[in-house]
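Residue-level structure breakdown
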Amino acid sequence: VERAWKYAGSDLRRDLDPCMAHNGTCEFVTFVNYVLSSYPDAGWYGGAFDAAYRKTLLDYSFRHWKEHSPFLKGQLALTLKRMARPKDAKLVWDSVMDAAKTDPDLGTYFAPEDRAWLWYNDTIETQAFALRVLAELEPADSRRHGLVQWLFLNKKLNQWKSTRATSEVIYALVWYLKKEGALAAREAVTVEVASQKTTFAFEPDRYTGKRNQVVVPGDKIDPKRDSAIGVSKTGQGLTFASATWHFSTE
């Protein structure tokens with residue numbers, strides 16, 4: 001890693017310097033500094049970037065923070081926090097979460113960016129990264145559950161077209177599950193319908209297949225009684241359940 005940074009460092013700085021000299025916002029500056037902040041210490045990249053240059057990068061990004069997308073604001077907020085500027089980190093990140101919407105059925109989410117095809121505007125990646133930022137800056141924020149809920153619902157109803165976004169989601173969710181004590185945990189779901197109770201057990205290391213369902217034949221159904229279905233669970237995390245009533249009439 002050290003040799004790679006020594007090799008790439010001069011080229012990166014050759015790109016970063018004119019980028020910062022430009023009047024507009026340079027997203028690449030924020031991204032590079034965030035990557036550097038993710039290492040345990042400066043020894044990993046010390047041959048390419050020193051503390052003074054990293055401060056120059058951070059000062060530039062913070063001057064332009066209002067022009068950043070939510071994804072870049074998340075990267076900037078983490079970099080600020082890791083470089084001992086917690087108040088500035090909170091300022092930047094609060095602006096992101098203030099724009100979030102929370103719905104009991106949809107979860108917590110953000111309005112899609114106008115140019116979602118840009119690498120720093122991707123909807124799924126932004127949502128997943130917001131979960132990571134929240135876990136580091138404000139781990140007790142209850143909206144973390146809503147961020148997860150929206151991701152699962154989106155995956156259930158859509159096809160994600162980016163392997164980068166998918167890997168970001170998996171990374172963020174594993175981090176979330178670990179912090180919530182739900183990683184590698186057994187889940188049990190009980191379904192009550194038609195005067196019967198069925199419990200499904202989901203072990204963390206065993207796939208149970210797709211057909212986890214309760215089927216009630218027509219002659220066993222009482223419409224007055226069975227129009228209400230109960231689903232309960234144990235353990236942390238979310239469970240999705242759906243009900244379908246098939247009928248025919250003349």
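Quick caveat, the model's predicted, so the values are computed rather than measured.

**Some details on the nonpolar core**
Within the largest apolar cluster, 36 residues are counted, with the highest numbers of intra-cluster contacts made by L80, V92, W93, F110, I124, L131 and V169. Within the residue set of this core, elements represented by two or more residues are α3 (51-63), α4 (70-82), α5 (86-98), α6 (123-137), α7 (143-157) and α8 (163-180). Among the elements that take part in this core, α6 stands out by supplying 7 residues, more than any other. Ignoring sequence-local partners within four residues, the contact set of V92 consists of F62, W65, K73, L76, A77 and L80. Of all hydrophobic cores here, the second largest spans 14 residues; its members include L36, F49, L57 and Y60.

**Examining helix α1 (residues 2-21)**
Taking 1.5 Å of rise per residue, 20 residues should cover 28 Å, and α1 covers 28 Å from first to last C-alpha, within 8% of that figure. Helix geometry: α1 is bent most strongly at A8, by close to 40°. Every buried residue belonging to α1 is among W5, G9, L12, L16 and M20, and all of these are buried. Contacts from the buried residues of α1 go to α2 (27-37) and α3.

**Details of empty space enclosed by the protein**
What the rule picks out here adds up to 1 cavity of 30 Å³ or more. Size it by volume and the largest cavity reaches roughly 100 Å³. Along its surface, the largest cavity is lined by P70, Y109, F110, A111, P112, E113, N121, T123, T126, Q127 and W150. With 3 residues, α6 is the largest single contributor of residues to the lining of the largest cavity. Residue classes in the lining of the largest cavity are distributed as 6 nonpolar, 4 polar and 1 charged.

Reading the values: rules and limits
Residues numbered from 1 in each chain as written. Predicted model: local features only at pLDDT ≥ 70, side-chain atom pairs only at ≥ 80, totals over all residues. Heavy atoms only, no water. Core = buried A, V, L, I, M, F, W, Y, C linked by side-chain atoms within 4.5 Å. Buried < 20%, exposed > 50% of the residue type's maximum accessible area, 1.4 Å probe, protein only. Helix = DSSP H or I, 4+ residues; strand = E, 2+ residues; numbered from the N terminus. Contact = heavy atoms within 4.5 Å. Expected span 1.5 Å × (residues − 1). Bend = angle between axes of the 7 residues up to and from the residue. 1 Å grid on protein atoms, 1.4 Å probe; cavity = no way out; pocket = protein on both sides within 12 Å on 5 of 7 lines; lining within 4 Å. Points joined across faces, edges and corners; volume = space filled by probe spheres on them. Nonpolar A, V, L, I, M, F, W, Y, C, P; charged D, E, K, R; others polar.

Interpretation note: all reported values are geometric properties and have no functional meaning in isolation.
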